[in-house]
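A look at the structure
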Amino acid sequence: MAASETTSDDSLYPIAVLIDELRNEDVQLRLNSIKKLSTIALALGVERTRSELIPFLTDTIYDEDEVLLALAEQLGTFTPLVGGPEYVHCLLPPLESLATVEETVVRDKAVDSLRKICEEHSAEDLETHFVPLVKRLAVGDWFTSRTSACGLFSVCYPRLSVATKAELRSHFRSLCQDDTPMVRRAAAGKLGEYAKVVEVEYLKTDLIPMFITLAQDEQDSVRLLAVEACVSMAGLLQQEDTEMLVMPTLRQAAEDKSWRVRYMVADRFIELQTAVGPEITKTDLVNAFQSLLKDVEAEVRAAAAGKVKDFCQNLEPSVQESVIMSNILPCVKELVTDGNQHVKSALAGVIMGLSPILGKDNTVNHLLPLFLSQLKDECPEVRLNIISNLDCVNEVIGIQQLSQSLLPAIVELAEDTKWRVRLAIIEYMPLLAGQLGVDFFNQSLSKLCMTWLVDHVYAIREAATNNLRKLVEKFGAEWASQNVLPKINAMSRDGNYLHRMTCLACINVVGEVCGREVTTKTLLPTVLAMASDNVPNVRFNVAKTLQIIGPHIEKESLHSQVKAVLERLNDDPDTDVKYFASEALTGMSLQPPLNVEVMICQWLRKVEQYLESSEISAMTPLFAAA
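Criteria and thresholds
Residues numbered from 1 in each chain as written. Predicted model: local features only at pLDDT ≥ 70, side-chain atom pairs only at ≥ 80, totals over all residues. Heavy atoms only, no water. Helix = DSSP H or I, 4+ residues; strand = E, 2+ residues; numbered from the N terminus. Contact = heavy atoms within 4.5 Å. Areas by Shrake-Rupley, 256 points an atom, 1.4 Å probe, with all protein chains shown as cover. Phe/Tyr/Trp six-rings, centres within 6.5 Å; stacked < 30°, edge-to-face > 60°. Lys NZ or Arg CZ within 6 Å of the ring centre and 35° of its normal. Disulfide = S-S within 2.5 Å. Buried < 20%, exposed > 50% of the residue type's maximum accessible area, 1.4 Å probe, protein only. Patch = residues over 30% accessible without salt bridge, like charges linked within 9 Å, V, L, I, M, F, W, Y side chains within 5 Å. Salt bridge = Lys/Arg side-chain N within 4 Å of Asp/Glu carboxyl O. Lys, Arg positive; Asp, Glu negative; His and termini not counted. Charge placed at Lys NZ, Arg CZ, Asp CG, Glu CD. Core = buried A, V, L, I, M, F, W, Y, C linked by side-chain atoms within 4.5 Å. Expected span 1.5 Å × (residues − 1). Bend = angle between axes of the 7 residues up to and from the residue. Axes fitted to C-alpha atoms, helices over the stretch in contact; angles between N-to-C directions. Parallel < 35°, antiparallel > 145°, perpendicular 65-115°, else oblique. pLDDT = per-residue confidence, 0-100. Polar contact = N/O pair within 3.5 Å; in protein donor to acceptor, adjacent residues only side chain to side chain.

For the chain, the name recorded in an unreviewed UniProt entry is Protein phosphatase PP2A regulatory subunit A, with Petrolisthes cinctipes as its organism.

Encoded structure:
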């Protein structure tokens, strides 16, 4: 019996340590213990967790913010540890206290946990325990509790009695009219989700007036959040109700004196368009959208410009073309020459999408001049955005009409002083190659692709080698033999060793897609000739390349040519060359018996790799194995 008690005490010792750490002066220890609360609760059992642990946690709310944040998160998952949904209400006191603290992230996490456990309350427990908590928070002395209350109305409202629902609507109305801007802002932010659970009749009589009040608030941070509520409300009402109750406020918001409110309208415009429907879009939103495209603030114009394609796509088909041509296109023409590069860049990312909507004739007559203008824009991002979306125009009018203006723009981007711009155009080259065709590519762009291979920035050279692979996949091995491989072969004799290494990198990626015959007859001799290079880095990269292209070389050549070269490299005076030659011989099953020097070299390299990835104290097994 005594032994059994001792064993039990020993098993509970770590739990006692965790409980002690909850009271420790060291913040990190308290934080670690909080993160293991579930372990403590499991050891204590559901009854002791409810009667001892939860009251203790409620009394220790006055702690560091990071500890409180971890506690708020943990309590949201505590329902099974306190005995299930029947006892979930005992988690409310500590979470209520956390929902009133000064730190915003702690309050938000406490509200998240309260929303989660609200769903686990029965309807009776909601009325008895959860709703009183919401009411206390809603009338709290500090604004912190009132802001937290705003996030709890929507989760509990649907399952309450009629009388309780009326009380909650009254409390929410008070929060919308609160003296503190932070509370009104929180109410405006949650009004949309609350509207989704409130009955339609009360939506019209209670929530719409709240929405109108918030949309006219003196603080622009409150008004811009009311725009988000507008999206939810417009989707819940009939069209005539939307026109009468919501649209006047929305029109006001689109012309608000604060650019941040107008920006929010522009940013959410497509959702608003979907919510109000095609008829109201035609009568109201087209004019509002025009105003936003002409806004005095560049941020608003940029947000609206980015929505041009989606807005035009969502227009009613019967009026789509006429609205675009008479209302939207004039604004677009002005934005093409806008003084702000962010506006032009946002427009360039979507303007090509108008081609399928307007058809060939309108594209040629009206959009093509705009595309050509943007291809000559001084801003690289504008030109890149146009080039990256060429497939939209290609489907409608074919690429030939763009090709003459396209080429100068591509050349400028390819030679841009910013290496990231050069990198971006390389990534689009396979797409352009497919659209322009092999003849145009050979004539105008092939030289560019080879120039990138000797760029002074490594990232450009690496991207250019991968680009070659995609081009060979697109145009075929015969094209590669005629247009690419002779230039790669010439690079193998370049005076700059970095260019010779780039040649090997190209062979690594091209060898697989060129096929066995081309790789053996054309690429292999180039690699073997480089085995005598005077730079060790090139020689060991020859060994690596032979290992990579080995599966694509004919077996006869593998044994008659490759093996002899690798064996010669295996006796190279440079240890790195020896190592990679030995690795290649082993990987290709051509390995002769290893000499002692190579074994030591390989062992030292493994020790070096182990040192980089492991603690020095953990190296004993490695030395023992050696």
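There is more to say after this.
Counting its secondary structure elements, the chain contains 39 helices and 0 strands. Long-range contacts, defined as pairs at least 24 residues apart, comprise 66% of the intrachain contacts of the chain with a sequence gap of at least 6. Total accessible area on the chain stands at roughly 29100 Å², and carbon and sulfur atoms take up 50% of it.

What follows covers the packing of aromatic side chains. Overall, the coordinates contain 13 aromatic pairs when judged by the stated rule. Every member of this aromatic cluster is reached through a ring pair, and the members are Phe-153, Tyr-157, Phe-172 and Tyr-194. The ring of Tyr-202 carries Arg-169 above its face, with NZ or CZ at 3.6 Å from the centroid.

Here we take up the state of the cysteines. In the structure shown here, the tally under the stated rule is 0 disulfides. Summary of cysteine pairing: Cys-176 is not part of a disulfide, and the nearest cysteine sulfur, belonging to Cys-150, is at 7.2 Å. In this structure Cys-176 comes out as buried when scored by relative accessible area, which is 2%.

Moving on, we get to helix α5 (residues 65-75). Listed in full, the buried residues belonging to α5 are Val-67, Leu-68, Ala-70, Leu-71, Ala-72, Gln-74 and Leu-75. At its buried positions, α5 is contacted by α2 (27-35), α3 (37-44), α4 (46-59), α6 (92-98) and α7 (104-118).

On the surface, Glu-64, Asp-65, Glu-66 and Glu-102 cluster together into a patch of negative charge. Owing to a relative accessible area of 44%, Glu-66 belongs among the partly exposed residues under this scheme.

Another aspect to go through is the nonpolar core. Counting 209 residues, the largest nonpolar core has Phe-78, Val-308 and Ile-351 as its most contacted members. If you tally residues by element for this core, the top one is helix α14 (residues 220-236), at 10 residues. What Phe-78 contacts, discounting residues up to four positions off in sequence, is Leu-37, Ser-38, Ala-41, Thr-49, Leu-53, Ile-54 and Leu-91.

If you check α4, its first and last C-alpha atoms are 19 Å apart, about what 14 residues at 1.5 Å a residue would give, namely 20 Å. Along α4, the sharpest change in direction is near 30° and occurs at Leu-53; proline Pro-55 comes one to four residues later. Three or more residues of α4 are buried, namely Thr-49, Leu-53, Ile-54 and Leu-57. Buried residues along α4 sit in contact with α2, α3, α5 and α6.

So, about the pattern of salt bridges. Scanning the model with the defined rule gives 27 salt bridges in all. Note that Glu-279 and Lys-282 form a salt bridge whose closest N and O atoms lie 3.9 Å from each other. Of this pair, Glu-279 and Lys-282 both sit in helix α18 (residues 278-293), 3 residues apart, roughly one helical turn. With a relative accessible area of 35%, Lys-282 lands in the partly exposed category. A salt bridge links Arg-422 to Asp-455, with the nearest nitrogen and oxygen atoms 3.1 Å apart.

At a minimum axis separation of 9 Å, helix α27 (residues 419-436) and helix α30 (residues 458-475) run at an interaxial angle of 0°. If you check the angle between α27 and α30, you find them roughly parallel. Between α27, through Trp-419, Arg-422, Leu-423, Ile-426, Met-429, Pro-430, Ala-433 and Gly-434, and α30, the contact on the second element is made entirely by Ala-459, Ile-460, Ala-463, Ala-464, Asn-467, Lys-470, Leu-471, Lys-474 and Phe-475.

Turning to the environment of Glu-119, a few remarks are in order. Position of Glu-119 relative to the elements: it lies in the loop between α7 and α8 (123-138). Glu-119 sits in the exposed class, given a relative accessible area of 61%.

Our focus in this paragraph is the confidence of the model for the chain. Low-confidence regions, as indicated by low pLDDT, have predicted coordinates that should not be scrutinised in detail. For the chain, per-residue confidence averages 83 on the pLDDT scale, and 89% of positions sit at 70 or higher. The low-confidence segment residues 1-14 (pLDDT under 50) makes 1 contact with residues lying over four places distant or belonging to another chain. Predicted confidence is poor over residues 615-626, with pLDDT under 50, and the contacts of this stretch with residues over four places away or in other chains come to 9 contacts.

Two quantities define a packed helix pair, namely the angle between the axes and the distance from one axis to the other. Helix α35 (residues 536-549) packs onto helix α33 (residues 497-514) with a crossing angle of 5° between their chain directions and a minimal axis gap of 9 Å. One element, α33, and the other, α35, form an angle in the roughly parallel class. The residues of α35 that touch α33, namely those facing Tyr-497, Arg-500, Met-501, Leu-504, Ile-507 and Asn-508, are Asn-537, Val-538, Asn-541, Val-542, Thr-545, Ile-548 and Ile-549.

Okay, the side chain of Ser-221 next. With respect to the element layout, Ser-221 can be found in helix α14. Here Arg-185 takes part through its side chain, which lies 3.0 Å from a polar atom of the side chain of Ser-221. Those residues in contact with Ser-221 that lie beyond four places of it in its chain are Arg-185 and Arg-260.

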